[in-house]
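One-letter residues, chain by chain:
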Amino acid sequence: MSGILAFALHYEGAYNKNSLGAVSEAARLADQLGVEAHAVVVGDVSDELSASLGDWGVTRVFRASGVPEGLAQPVVDVMAKVIDDNGHDYALFGGGLLGFEIGAGLAARLNAGVTMEVTRVDAVDGRLTAERPIHGDSSVSTSSYKDRGIIIGRLNAFETASPTGATAAVEDVEVALSPFSTRARMVRRGEARGEEIDIEGADHLVAGGRGLGGPEGFELCEALAEALGGAVAATRAVVDAGWYPYSTQIGQTGKTVSPKLYLAAGISGAVQHKVGFQSAQNIVAINKDANAPIFEYCDLGVVGDLNKILPRLTEAVRAKKR
Ligand SMILES: Cc1cc2nc3c(=O)[nH]c(=O)nc-3n(C[C@H](O)[C@H](O)[C@H](O)COP(=O)(O)OP(=O)(O)OC[C@H]3O[C@@H](n4cnc5c(N)ncnc54)[C@H](O)[C@@H]3O)c2cc1C
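Residues numbered from 1 in each chain as written. Predicted model: local features only at pLDDT ≥ 70, side-chain atom pairs only at ≥ 80, totals over all residues. Heavy atoms only, no water.

Caption draft 1: Broad picture of a negative patch on the surface. A surface patch of negative charge is lined by Glu216, Glu219, Glu222 and Glu226. Its place among the elements puts Glu219 in helix 5 (residues 218-228). Judged by its relative accessible area of 53%, Glu219 is exposed. (Patch = residues over 30% accessible without salt bridge, like charges linked within 9 Å, V, L, I, M, F, W, Y side chains within 5 Å. Areas by Shrake-Rupley, 256 points an atom, 1.4 Å probe, with all protein chains shown as cover. Salt bridge = Lys/Arg side-chain N within 4 Å of Asp/Glu carboxyl O. Lys, Arg positive; Asp, Glu negative; His and termini not counted. Charge placed at Lys NZ, Arg CZ, Asp CG, Glu CD. Helix = DSSP H or I, 4+ residues; strand = E, 2+ residues; numbered from the N terminus. Buried < 20%, exposed > 50% of the residue type's maximum accessible area, 1.4 Å probe, protein only.)

Caption draft 2: Seen up close, helix 8 (residues 306-321). For helix 8, with 16 residues, the first-to-last C-alpha span of 22 Å sits near the 22 Å given by 1.5 Å per residue. Every buried residue of helix 8 is accounted for by Leu306, Leu310, Thr314 and Val317. In a view along the axis of helix 8, the buried residues occupy a sector of 65 degrees, so they form one face of it. In helix 8, the exposed residues that point more than 90 degrees away from the buried face are Lys308 and Arg312. N-capping of helix 8 is provided by Asp305, with a side-chain oxygen placed 2.9 Å from the backbone N of Asn307. (Expected span 1.5 Å × (residues − 1). Arc of directions from axis to C-beta. Polar contact = N/O pair within 3.5 Å; in protein donor to acceptor, adjacent residues only side chain to side chain.)

Caption draft 3: Structural view of unusual backbone geometry. The phi dihedral of Asn111 is positive, around 55 degrees, even though this residue is not glycine. By secondary structure assignment, the location of Asn111 is in the loop between helix 4 (97-110) and strand 7 (113-118).

Caption draft 4: Expanded view of the sheet that holds strand 12 (residues 169-172). One open sheet holds the seven strands; their spatial order is 7-11-6-1-4-5-12, and the pairing between them is parallel. Strands at the two margins of the open sheet, each flanked by one partner only, are strand 7 and strand 12. Across this sheet, the average inter-strand angle for adjacent strands is 20 degrees, counted without regard to direction. Strand direction decides the pairing type here: strand 1 (residues 3-7) and strand 6 (residues 90-93), joined by three bridges, are parallel. Each bridged residue has a counterpart across the sheet, and for Leu5 the counterpart in strand 6 is Ala91. Packed on one face of the sheet, helix 1 (residues 17-33) meets strand 1, strand 4 (36-42) and strand 6 and runs near 175 degrees to strand 1. On top of the sheet, helix 4 reaches strand 1, strand 6, strand 7 and strand 11 (149-153); it is set at about 170 degrees to strand 11, its chief contact. (Pairing = 2+ DSSP bridges. Axes fitted to C-alpha atoms, helices over the stretch in contact; angles between N-to-C directions. Contact = heavy atoms within 4.5 Å.)

Caption draft 5: Expanded view of the nonpolar core. Among the nonpolar cores identified, the biggest contains 30 residues, and Ile4, Tyr15, Leu53, Val58 and Ile151 are the most heavily contacted of them. Secondary-structure elements contributing two or more residues to this core are strand 1, helix 1, strand 4, strand 6 and strand 9 (127-134). Counting residues in hydrophobic clusters, the runner-up holds 29 residues, among them Leu9, Val40, Phe100 and Leu106. (Core = buried A, V, L, I, M, F, W, Y, C linked by side-chain atoms within 4.5 Å.)

Caption draft 6: Looking closely at the sheet that holds strand 15 (residues 261-265). An order of 14-13-15-16-17 is seen for the five strands of this open sheet, with the pairing classed as parallel. Strand pairing shows two members of the sheet lacking a second neighbour, strand 14 (231-234) and strand 17 (300-303), which therefore form its edges. Each neighbouring strand pair of the sheet contributes to a mean axis angle of 20 degrees, computed without reference to strand direction. Sheet topology places strand 13 (residues 204-208) next to strand 14; four bridges connect them, and they run parallel. Note on strand 14: the bridge partner recorded for Leu205 is Ala231.

Caption draft 7: Geometry of the pairing of strand 6. Here strand 6 shows a buried face lined by Tyr90 and Leu92 and a second buried face lined by Ala91 and Phe93. As paired elements, strand 6 and strand 11 share four bridges and run parallel to each other. Considered in strand 11, the bridge of Tyr90 is made with Gly149.

Distances and angles like these do not, on their own, reveal function.
Pasting the structure below:
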C-alpha cells in the first residue's frame, strides 16, 4: 500500500497549528494521488484525541504510547517501522525544530530524499513535488523524489483545513527502540520565548520591520504597545535576523491575527506579511518611502521617519490616558 504519513505533535492535550497544517496537507495531497493519509502520534494520547485527527482528513492514526514525546530519535524509530510495515511513499512534517530533526533522521534511516523549509507541495503525474525558497527567498527550487520522500514544511506553511467531523481508526504500534534512541531524556519542556505575549488575542498590535534598524529599535514599538495596552509583532525579515522572537512573526509562515489596530512601523508590506493581518479592522503604516507597497492597502499611511513619529505617538497616547 502506498500513502502519506504525517507526524502530529501534541502538547497538553492539543495538537499545535503546525501539525494540523501538516495533517491537513497530507490529506489534501493523498486525495489528489488517490491514496490514504495517515498520522503518527507518540506518548500519552487519549483514544479521543488520537481519533480526532480524522477531523483533518486522515483515516488511520498509529499511536506509540510507550514512546517518549518531544525527542526526535524515538519518533524516527516509530515512523520508520510504520512506514516499513505499511509502505508509505511520503512522510510529511510541519516545520519547527522537532519536525526538522525527526524528518532528517527518518530520511537517513530510510535512505529517502528530503526537502526542508517547504512552502508548497503539488501532486504531479502521480508523484509529489516540493517547492522551497532559496537564496534568501529570491528563487524557488522544486524537488521530486526517486523513491520515498520526506517533506518538511516551513513553520505554519501548510494551511489547516476546516474540521470535517470524521474520526480516524486508532492502531497501537509496538516499537523496539534503538539503543541510541533511549540515550537522551526529556528534562523540561516549554516555550521559552514570547510565551507571555498573546499576539493572537491582542486588540492592538504594533508591528516592527527592518526599518527599525536593529533589535534596539523594538523598544520604540514596545513603548507604544504598552501605552496602547497591546502587544508587539514583527516581520519575518527581523525575526530571521534575530532582532525579535520567532513567536511574534506575522504572515504566511507566521501567525495570523485580526486585531482592531495593526500599526506597521518600518515594514514594506510584502504580500507574505500582509496575509497575516489583512483582516485587521484598522491598518496604520509608518514608512519613510512614499512608494512602499503597504501604502496601497493601509487605512492610514504616514510618510516619515519612525524614529521621530513613534515616540511622539507614544507620548500622545499616554497623554490621552492620563
Ligand atoms: C515563501 C515566503 C514566505 C514568507 N513568509 C513571511 C511571513 O510570514 N512574514 C513576513 O513578514 N515575511 C515573510 N516573507 C518575507 C517577505 O517577503 C518580506 O521579505 C518581509 O516581510 C520584509 O520584511 P520588512 O518589511 O521588515 O523588511 P523590508 O522589506 O526591508 O522593509 C523595510 C521598510 O522599512 C522602511 N524604513 C526604513 N527605515 C525607516 C525609517 N527610519 N522610518 C520609516 N520607515 C523606514 C523602508 O522604506 C522599507 O519599506 C516570506 C517570504 C517568502 C518568499
